[in-house]
Structure formats: structure tokens, C-alpha cells
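Descriptive structure summary
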Amino acid sequence: MSDKPLQDFNRFSSEKLRISDASVQYSTSQAEILALDHVTFEVDFGDTVGIAGESGCGKSTLAWTIMRGLPENARLLDGRILLGSVDIYAIQEREMNSKIRWKEIAMIPQSAMNTFDPVFTIQDQLVETIRIHSDVRRRRQSVGQRNCSSS
Ligand SMILES: Nc1ncnc2c1ncn2[C@@H]1O[C@H](COP(=O)(O)OP(=O)(O)OP(=O)(O)O)[C@@H](O)[C@H]1O
Ligand SMILES: [Mg+2]
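Residues numbered from 1 in each chain as written. Chains lettered and ligands numbered in written order. Predicted model: local features only at pLDDT ≥ 70, side-chain atom pairs only at ≥ 80, totals over all residues.

**A few points about the site of ligand 1**
In plain terms, the rule: We call a residue near a molecule or strand when the C-beta position, derived from backbone atoms, sits within 6 Å of it. Elements are defined by DSSP. Helices are runs of H or I of four residues or more, strands are runs of E of two residues or more, and each kind is numbered from the N terminus. Polar here means any residue other than Ala, Val, Leu, Ile, Met, Phe, Trp, Tyr, Cys and Pro, which are nonpolar, and Asp, Glu, Lys and Arg, which are charged; Gly is therefore polar.
With respect to spatial proximity, 15 residues lie near ligand 1, and among them Tyr 26, Ser 55, Lys 59, Ser 60 and Thr 61 are the closest. Residue assignment for the shell around ligand 1 shows that the elements contributing at least two residues are strand 2 (32-43) and helix 1 (59-66). Ranked by the residues each element gives to the shell around ligand 1, the list is headed by helix 1, at 3 residues. In terms of residue class, the shell around ligand 1 is made up of 5 nonpolar, 9 polar and 1 charged.

**A few points about the sheet that holds strand 2**
Strand pairing within a sheet occurs via backbone hydrogen bonds; the two strands may be parallel or antiparallel. Threshold: Two strands are counted as paired when DSSP detects at least two bridges linking them.
If you trace the 4 strands from one edge of the open sheet to the other, you get 2-1-3-4, paired in antiparallel fashion. In this open sheet, the two strands that pair with only one neighbour each are strand 2 and strand 4 (86-87). Across 8 bridges, the pairing between strand 1 (residues 17-27) and strand 3 (residues 74-83) is antiparallel. Counted as the bridge partner of Tyr 26 is Ala 74 from strand 3.

**A word on the pairing of strand 1**
Of the strand pairs in this sheet, strand 1 and strand 2 are connected by 8 bridges, and their pairing is antiparallel. From the neighbouring strand, Ser 27 faces strand 2, where its bridge partner is Glu 32. Counting the residues that bridge the hairpin from strand 1 to strand 2 gives 4 residues.

**Some details on the environment of Leu 77**
Short version of the rule: Comment: burial labels come from other C-beta atoms within 10 Å of the residue's own C-beta, placed from the backbone, where a count of 20 or more is buried, 12 or fewer is exposed, and between is partly exposed. Distance between backbone-placed C-beta atoms decides contact: two residues are in contact if it is within 7 Å.
With respect to the helices and strands, the residue Leu 77 is situated in strand 3. With 14 C-beta atoms counted inside 10 Å, the residue Leu 77 sits in the partly exposed group. Once the C-alpha coordinates of Leu 77 and Ala 22 are considered, the two residues, 55 residues apart in sequence, prove to be 7.5 Å apart. Once you skip the residues sitting within four places of it in the chain, Leu 77 turns out to touch Ser 23, Val 24 and Gln 25.

**Side note on the environment of Asp 21**
Inspection of the secondary structure assignment puts Asp 21 in strand 1. Taking the number of C-beta atoms within 10 Å as the measure of exposure, Asp 21 has 13 and is therefore partly exposed. In contact with Asp 21, not counting residues within four places along its chain, are His 38, Thr 40, Asp 78 and Gly 79.

**Quick word on the pairing of strand 3**
With 2 bridges connecting them, strand 3 and strand 4 associate as antiparallel partners. For Leu 83, the partnering residue across the bridge sits in strand 4 and is Val 86. Taken together, strand 3 and the strand that follows it, strand 4, pair antiparallel across an intervening segment of 2 residues, in which Gly 84 is found at a positive phi of about 60 degrees.

**Things to note about unusual backbone geometry**
Phi is positive for His 38, which is not a glycine, with a value near 55 degrees. Positionally, His 38 belongs in strand 2.

**So, helix 3 (residues 122-133)**
For clarity, the cut-off: How far a helix is expected to stretch is found by multiplying one less than its residue total by 1.5 Å.
With 12 residues, helix 3 ought to run about 16 Å at 1.5 Å a step, and its terminal C-alpha atoms sit 17 Å apart, in line with that. For helix 3, the tally of buried residues reaches only 0 of 12 residues, placing the bulk of the element at the surface.

So, to be careful, I would describe these as geometric facts and stop short of saying anything about function.
Here it is, written out as C-alpha cells:
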């Protein structure tokens, strides 16, 4: 992975997403599993692409590959994921996290409803998410909390 900082970063929302020849392999104690085998496609700004396939064919792996969020036992063997001209596997993790992941590229994970914790209110969990993923200041968050409470 390169240490090259992401210099000319603006917003990528209108950029094309290109998945180019992506191959991903999981390693387990039992086997090496090739979950993606040279996957290539493009998503233009405003386009919607549906990926369908039987269970285990690699849909989630593809989504997490695009997010650069694969588990430790997975490896991008080959290929590139480009957002505009930025190779998202060539930038620093810090920049991926602060500028691209969840901001320009996001996903709703499978069984998303199960990820809410019933011990905490929905409001607390939403505010925590906003705090972690944006630079909204505490004052604005508290305004949001008041609005939430009054609605
Ligand atoms: N963490 C992991 N470690 C090892 N193998 C994995 C891991 N995650 C997925 N796999 C394997 O990779 C392949 C693709 O799995 P993936 O979860 O991407 O499929 P999927 O299309 O999303 O399936 P589903 O429709 O059931 O959600 C499967 O063979 C699966 O067993
Ligand atoms: Mg899946």
C-alpha cells in the first residue's frame, strides 16, 4: 500500500466507480476460497446496478471489497477499485476513512436492523454514528437532539 497522500481531493460523488479485474481470496485453516474471480464493471454517476446470484457467490465480498473493508483473512489478489482517478487501495487508510468510506462510498450491511443495540435509544445510536463519521460540532449535535426530542 502506498503512503502517497490523497492530494487533489474534492468530492467524488459525481465520479465513475470502476471495479477492474478484482479477485479476492479468503484464507482459512481448511482452504483458500476464491470469492471474486476477475470481476469487472463500472457504475456511472446516477446509475443503479443490481448484483444477483446464489448464496455464497460473492455479493457481500464484492461490496466489502469496494468499501476496502474486507476481513483480515481476505486479500485483494488482483485488480483495482477506482473512484474517478483515485485507486482506493493505493491511498492511506486514514484518508480512506476520513474522506471516502461512508462518505462517498457507503453500504447498508446485510441484517442491518440487527446492528441496532436494544440497550441504547435509536437517537443515541444515530448521534454516535454522526459524531464518528462527520465533523459536526457538539453544539450542532445538541440542536439535532433537541429537534429529535421535540418531534
Ligand atoms: N470471512 C470469511 N472467511 C472465509 N470465507 C468467507 C468469508 N466470508 C465469505 N466467505 C466465503 O466467500 C464466498 C462468498 O461469500 P459472500 O458472503 O460474499 O457471498 P454472498 O453472495 O454475499 O452470499 P449471501 O447471498 O448468502 O449473502 C463463500 O464461499 C463464503 O463461504
Ligand atoms: Mg451476502
